[in-house]
Every structure is written in structure tokens, then in C-alpha cells.
Amino acid sequence: MNKFTKGLGACMTAIIVASGAMAEPVDDTLVINEEIEIVTRTAAPAHLSDVMDEVMSGWLFRGEETRAMEMDDFDNPGMIFVEQAEDVWNTADGTEGKSCADCHGESTEMAGVRPVYPKYVEAAGEVRTMEMAINDCRENRMGAEEWKYVGNDMVNMTALLASVSRGMPVNVAIDGPAQSTWEQGKDIYYTRFGQLELSCSNCHEDNYGNMIRADHLSQGQINGFPTYRLKNTKLNAVQDRFKGCIRDTRAETFAPGSPEFVALELYVGSRGNGLSVEGPSVRN
Amino acid sequence: MKISIIALAASVGLSTSAYAADVAPTAVSYTDGAVEMSLTGTAGDPAAGAKVLGSRSLGNCVACHEVSALPDIAFQGMIGPSLDGAGDRWSEAELRGIVANAKMMFEGTIMPSFYKDTGYIRPGNAYTGKAADGALDPLLSAQQIEDVVAYLATLKD
């Protein structure tokens, strides 16, 4: 008897037995401040249609108390950092003596920016993340120092810019000049890195809904970033999360801000097209 | 196959230097995903094997598998099938093959290859996120594989 088939047979039986105990995502809806309706579950974008039908926010995979913290800004610890960034938004810095507000107006004027990032920036001739756009303003328009890519100033500012777009659908472009970067990100997503030889897809595409030790695996979506994590009680940048997930495969990670992570962020962002911007979200 | 016979003979002859005599990861011979020959020539210890299964820093098999016989281990995963009855479903040689390199039995499986030391993409220095410096040790030693196999063989329905 072919051992491969025998193995499959054995594990099929086990899967049927185990499926009764699957930790499915909850059936719940997210409305923030009784006002902002968040799409946490929607039809998968066309480019994913052969691997999944639905895309889901990580919010659906968290416990009841963690989910509740995101329903009201007074209960969401991430909003404290949004307030801090609001002050920075209005404070002049750098040799030009300008604040973000001097050029951009109220922070709410930035609604609609988060959903389309990362994006191909014509003037730069490359795909850029929001962090890169912010540092471009600081360095070249304000005469101020660049912020550390995943440092507090930067993460707080991305939280502010996410918060003003909450409820808007993620809409990352994958074609045209962004396409080659998107393909590169897709390759990284499916590469089995490290001594454990695990790809993002092994956990977040093939096994979402399952428990891996104490963790309830989500689809690894980034619509909720930055995330306030109860584990480290601070805001976590998206590329810091990528770094942690790759490190956990016993691999050499890429650096936040590296071309590889920019490409991966573009690709992972596009897997969430149609979900609402939700950051700063609360996760465990 | 020849290499593993030589290695086994060597380990029987020189039981004091067990490590040198272990079948090297690259020399293990798989037949339909199974490995007939012991990797060390020393019988596995089921109690030690149970520890490897449950320990985060060793096999961490329970991250993906449930094992009812180890109720003290909290948070058992459900990525793979429950290992209850594995000793009935599989022969010792098959279990050895699965634990040493599951990809030989289940093509493309998510289960890590525990007795392998080459062929990785961007291997790291354990969980530091930094590049590995120098040659890698397999995730489990030859004797740990034997211990795990001995434990799995006790899991009968």
C-alpha cells in the first residue's frame, strides 16, 4: 500500500474527528463609538479567489474582552497614542519651522490616505509605505530628522493617520507600476523560511481558525495596524509584526523598512482589500 | 542504506562515543517515508520522548497535535491530527520516518523536519531573528528522535 495515501487516510479521519473542536472565528459585528461601522468579514478580493472565499479581520479571532476594548475609544489604549500624535501633528519641527498641519490642514484631512498605502509613488519611482511618505515630508519638506521606522513617534503618527480613515475600505492597488513589487511580496508570502520551514500561508492561509498551542490563528490581515497588544502594552508596527512571525520560524528576518518588507506589506495589504481600516486595533 | 548499516555497526561497536556513531541527517535512508534502522542503535526512552513532545524548546509537538495521554500540558494545538492511537496506525519504522522528516511521508506538509540540517532558506540562529552562524544542528538529536518514536509507539487506542 502506498504510504502517502495511507497517511492521508489517517489524517483525513483525524481531521473529521477534530473539526468538531475547531475554534471558528466569532460571529460578531464591530461598531466603534456606536458610530463607525467596521467591515470585519467580506468577499475575498479577486486575486485570492482560488485560495479563499472570505477575508476576515483579526478582530474576529480574539476573545470577547479584547474585542470589546475596540468598540469604544475610551476603552482602546491605542487611542492615547493617537492623541499624542495629534499634538505632534500640530507642532512645528525642523529647519523650515513647519508642522504637518501647516501643509496638510487638520489631521482628518488625511482620511483616505491609509486605505491605499503602500502604493506606487510616481515622483519617487517606487512603492512606498506610509512610513516612507511621512519621513519624506520630515526630511525633505520640514528639514527635520527622519523618525525611526518602527520607533514610537512613527508608530503613533501611523495610528493617527489610520484612525482618521477608520471604516473606509482597504484598497491597495496591485497592478500597473506596483505589480512587480506585489509579485515579489507574494513570493515572500509563500516562501517557507527558517529551520521550521514555515511560510506565512502555512499558518495564515491554510490554518486560520485553528489553535497553534495557545494562539488562535487569524488570517494575518493588516487592516488593524498599528495594533495595541495586551502582551507588550504598546502600539506595534506592521513590519515589527512581520519580523516577529519570521523570527518564530527560526529564520533570519528582514529589517523593518527593507525592500522585502515593503513588498510583503503591499502584498499582505492587498489580501485585505475590502476590509475596513481598523487601526489602532486591540489584539492580545 | 549502506551508510546507515555501517553507522549502526559502528555504534554497536563503540557504544562509548554514541554521537560520532549516530546516522548523520544526510545519511538517513527513507523507504516510502519510513526509516527501518535505528538512528543510534540505542533503544528509545518513552519517558524522555514524552518530555520532548511537550517542551516548547524541544519538539513542541503539542503546538500542533493533541495528545490525550499528556493532560498536564495546557493549550494543545489542532493544526495536525491528534496523536492518540499513533502507535496503532503506524509501524515503528514509519513513525521514525515521520518524526525525522515528515515531508518524506506527507508531501509538502507543514510539519517541520526534525532530523535535517541543510537545505533551509534564511536559517536563523534559533529564535533570535539573526542569521545562523555556521553549521546547524538538527532540531532534535538522533537519540531524541528515537525517544519520541518509542513514546509514540506507546500511544495505542
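Note on numbering: residues in each chain are counted from 1, in written sequence order. Think of it this way: whatever chain is written first is A, whatever ligand is written first is 1, and the rest follow in order. In view of the model being predicted, local features appear only for residues whose pLDDT reaches at least 70, and side-chain atom pairs are presented and counted only at 80 or more, with totals across whole chains, interfaces and linings using the full set of residues. Only hydrogens and water are set aside when side-chain values are computed; all heavy atoms of the structure are taken into account.

1. Comments concerning the pattern of salt bridges
So, step 1. Whenever a carboxyl oxygen of Asp or Glu lies within 4 Å of a side-chain nitrogen of Lys or Arg, that contact is scored as a salt bridge. Applying the stated criterion to the full structure yields 17 salt bridges over all chains.
So, step 2. Between Arg 96 of chain B and Glu 146 of chain B there is a salt bridge whose closest N-O contact spans 2.8 Å. A residue pair is termed long-range when its members are at least 10 positions apart, and Arg 96 of chain B in helix 5 (residues 92-100) and Glu 146 of chain B in helix 6 (residues 142-153) qualify at 50 residues. Taken as a pair, Arg 96 of chain B and Glu 146 of chain B share a single burial class, namely buried.
So, step 3. A cluster of three or more residues bridged by salt bridges with shared partners is formed by Glu 126, Arg 128, Asp 136 and Arg 141 of chain A. Runs of H or I in DSSP of at least four residues are treated as helices and runs of E of at least two as strands, each being numbered from the N terminus. Think of it in three bands: residues with accessible area under 20% of the maximum for their type are buried, residues over 50% are exposed, and the middle band is partly exposed, with areas taken using a 1.4 Å probe on protein chains only.

2. Focus: the packing of aromatic side chains
So, step 1. Working definition: a ring pair exists when centres of Phe, Tyr or Trp rings (six-membered ring for Trp) sit within 6.5 Å. Plane angles under 30 degrees give stacked, over 60 give edge-to-face, the rest tilted. Within this structure, the stated rule accounts for eight aromatic pairs over all chains.
So, step 2. Between Tyr 189 of chain A and Tyr 267 of chain A, the ring centres sit 5.3 Å apart and the planes meet at 65°, which makes this aromatic pair edge-to-face. Of this pair, Tyr 189 of chain A sits in helix 7 (residues 179-189) while Tyr 267 of chain A is found in helix 10 (residues 259-271), placing the two residues 78 residues apart along the sequence. Taken individually, Tyr 189 of chain A and Tyr 267 of chain A each receive the classification buried, so the pair is uniform in this respect.
So, step 3. Arranged with centres 5.7 Å apart and planes meeting at 80°, the rings of Phe 193 of chain A and Phe 254 of chain A form a pair that is edge-to-face. Of the two residues, Phe 193 of chain A sits in the loop between helix 7 and helix 8 (200-204) while Phe 254 of chain A sits in the loop between helix 9 (238-247) and helix 10, which places them 61 residues apart along the sequence.
So, step 4. According to the relative accessible area criterion, Phe 254 of chain A is buried, its value standing at 8%.
So, step 5. One aromatic cluster is present, built from ring pairs that chain together Trp 182, Tyr 189, Tyr 190 and Tyr 267 of chain A.
So, step 6. Put simply, a charge is over a ring when the Lys NZ or the Arg CZ is close to the ring centre, within 6 Å, and near the line of the ring normal, within 35 degrees. Arg 250 of chain A extends its terminal NZ or CZ atom over the ring of Tyr 127 of chain B, reaching a point 5.1 Å from the ring centre.
So, step 7. The ring centre of Phe 254 of chain A lies 3.8 Å from the NZ or CZ of Arg 122 of chain B, which sits over that ring.

3. Looking at the sheet that holds strand 9 (residues 227-229) of chain A
Residue and element names in this part refer to chain A.
So, step 1. Whether two strands pair depends on DSSP finding at least two bridges between them. Strand order in the open sheet formed by three strands is 10-9-11, with mixed pairing between adjacent strands. With partners counted over all chains shown, the strands left at the sheet margins are strand 10 (234-236) and strand 11 (281-283), one partner each. In this sheet, neighbouring strand axes are inclined to one another by 40° on average, regardless of whether the strands run parallel or antiparallel.
So, step 2. Where strand 9 meets strand 11, three bridges bridge the pair, whose relative direction is parallel. Of the residues in strand 11, the one forming a bridge with Arg 229 is Arg 283. Note on method: axes are straight lines fitted to C-alpha atoms, helices fitted across the in-contact stretch only, with angles between N-to-C directions ranging 0 to 180 degrees.

4. A few points about helix 3 (residues 46-54) of chain B
So, step 1. Along helix 3 of chain B, the residues that are buried comprise Gly 49, Ala 50, Val 52, Leu 53 and Gly 54 of chain B.
So, step 2. Contacts described as polar in this section are N or O atom pairs within 3.5 Å, which, within protein, must combine one atom able to donate a hydrogen with one able to accept it, while residues neighboring in sequence count only if both atoms come from side chains. Where helix 3 of chain B begins, the side chain of Asp 45 of chain B points an oxygen toward the backbone nitrogen of Ala 47 of chain B, at a separation of 3.0 Å.

5. What about the nonpolar core?
Residue and element names in this part refer to chain B.
So, step 1. Formed by 42 residues in total, the largest nonpolar core has its most connected members in Leu 39, Leu 53, Val 67 and Ile 145.
So, step 2. Counting residues per element, the ones that place at least two in this core are helix 3, helix 5 and helix 6.
So, step 3. The leading source of residues in this core is helix 6, at six residues.
So, step 4. Residues count as neighbours in contact if any of their non-hydrogen atoms are within 4.5 Å of one another. Leaving out residues up to four positions away in the same chain, Leu 53 has contacts with Asn 60, Cys 61, Val 62, Val 67, Leu 70, Leu 83, Val 148 and Tyr 151. Buried Ala, Val, Leu, Ile, Met, Phe, Trp, Tyr and Cys residues form a nonpolar core when they are joined through side-chain atoms within 4.5 Å.

6. Some points on the packing of helix 3 (residues 78-89) of chain A against helix 6 (residues 152-163) of chain A
Residues and elements named next belong to chain A.
So, step 1. Close contact between helix 3 and helix 6 brings their axes to 8 Å; oriented N to C, the two are set at 100°. With respect to helix 6, the element helix 3 is oriented roughly perpendicular. Counted together, Met 79, Phe 81, Val 82, Gln 84, Ala 85, Glu 86, Val 88 and Trp 89 of helix 3 and Asn 156, Met 157, Ala 159, Leu 160, Leu 161 and Ser 163 of helix 6 form the full contact between these two elements.
So, step 2. Residues are grouped as follows: Ala, Val, Leu, Ile, Met, Phe, Trp, Tyr, Cys and Pro are nonpolar; Asp, Glu, Lys and Arg are charged; all remaining types, including Gly, are polar. Of the residues that constitute the contact of helix 3 with helix 6, the class distribution is ten nonpolar, three polar and one charged. Here the angle decides the label: under 35 degrees means roughly parallel, over 145 means roughly antiparallel, 65 to 115 means roughly perpendicular, and every other value means oblique.

7. Digging into the confidence of the model for chain B
Residue and element names in this part refer to chain B.
So, step 1. Note on scores: pLDDT gives the predictor's confidence for each residue, bounded by 0 and 100. Confidence in the prediction of chain B, expressed as mean pLDDT, is 90, and 87% of residues score 70 or more.
So, step 2. Contacts from residues 1-18, a stretch scored under 50 in pLDDT, to residues over four places away or in other chains number 17 contacts.
So, step 3. As a predicted assembly, this complex carries a pTM of 0.92 together with an ipTM value of 0.87.

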